Amino acid sequence: MQTLKVVARLFPLVESGEKTSTIRWREHRIEPGLMTYVCEGDDCRSAVVRVTKCTDMPLSEAATFLGRQEEWPDAVMLEGMREHYPEIELTSIVQVVEHLSPAETSALREASDQDKPTDA
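First, a word on what this report is: a plain description of the structure on this page. Everything quoted here is computed from the prediction, not taken from an experiment.

**Comments concerning the overall build of the chain**
Scanning the chain from N- to C-terminus turns up four helices and five strands. For the chain, with 120 residues in total, the buried portion stands at 36%. Counting only contacts in the chain whose residues sit at least 6 apart along the sequence, the fraction spanning at least 24 positions is 72%. As presented, the chain carries roughly 7300 Å² of accessible surface, and 49% of it is formed by carbon and sulfur atoms. Considering the chain, the positive charge centre built from 13 side chains and the negative charge centre built from 22 side chains are found 3 Å apart.

Given below as structure tokens:
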């Protein structure tokens, strides 16, 4: 299963389902399907999500794409992303990864397991 580290301050937002997307630059490619988020600094904490969509675009378009342009104007977006990627620019092509919450992913997996035939 693909894995992705997430900073400790954001990990609770992943767990609660408030964070359902991530923006990556020059990292390994994420593909739709199951993915495990691992809390940076505490590898024992993890959350499984189902990646539903991956889209490449300039960083300058990511906030609008995710419907967060009000809270992430260009300057705020660039400052936040430079915490992780010091050389990133608004023109840099990023991968926007969208996913279900851990709870939604778990419910889907359980429903899928119930649909599987059992041996008689």
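Next comes the rest of the description.
**What to know about the side chain of T55**
Along the chain, T55 turns up in strand β4 (residues 46–58). Those residues in contact with T55 that sit more than four places away from it in its chain are F65, V94, Q95, V96 and E98.

**Focus: the sheet that holds strand β5 (residues 93–99)**
Spatially, the five strands line up as an open sheet ordered β1-β3-β4-β5-β2, and their pairing is mixed. Every other strand in the sheet has two partners, leaving β1 (2–6) and β2 (21–24) as the edge strands with one partner each. Looking at each pair of strands side by side, their axes are set apart by 40 degrees on average, direction ignored. Relative to strand β3 (residues 33–39), β1 is paired through five bridges, and the arrangement is parallel. Note that in β3 the partner of V6 across the bridge is C39.

**Side note on the environment of H28**
Along the chain, H28 turns up in the loop between β2 and β3. Here T3 takes part through its backbone oxygen, which lies 3.1 Å from a polar atom of the side chain of H28.

**Side note on the packing of aromatic side chains**
Enumeration over the complete set of coordinates arrives at one aromatic pair. Note on W25 and Y85: the rings are 6.0 Å apart at their centroids and 85 degrees apart in plane angle, and the pair reads as edge-to-face. Note that W25 is positioned in the loop between β2 and β3 and Y85 in the loop between α3 (74–84) and β5, a separation of 60 residues in sequence.

**Observations concerning the side chain of Q95**
Position of Q95 relative to the elements: it lies in strand β5. Among the polar contacts listed, one links the side chain of Q95 to the backbone oxygen of I30, at a separation of 2.9 Å. Once residues within four sequence positions are removed from consideration, Q95 is found in contact with T22, I23, R24, H28, R29, I30, C54, T55 and D56.

Definitions and limits used
Residues numbered from 1 in each chain as written. Predicted model: local features only at pLDDT ≥ 70, side-chain atom pairs only at ≥ 80, totals over all residues. Heavy atoms only, no water. Helix = DSSP H or I, 4+ residues; strand = E, 2+ residues; numbered from the N terminus. Buried < 20%, exposed > 50% of the residue type's maximum accessible area, 1.4 Å probe, protein only. Contact = heavy atoms within 4.5 Å. Areas by Shrake-Rupley, 256 points an atom, 1.4 Å probe, with all protein chains shown as cover. Lys, Arg positive; Asp, Glu negative; His and termini not counted. Charge placed at Lys NZ, Arg CZ, Asp CG, Glu CD. Pairing = 2+ DSSP bridges. Axes fitted to C-alpha atoms, helices over the stretch in contact; angles between N-to-C directions. Polar contact = N/O pair within 3.5 Å; in protein donor to acceptor, adjacent residues only side chain to side chain. Phe/Tyr/Trp six-rings, centres within 6.5 Å; stacked < 30°, edge-to-face > 60°.

In short, shape yes, function no, at least from these values alone.
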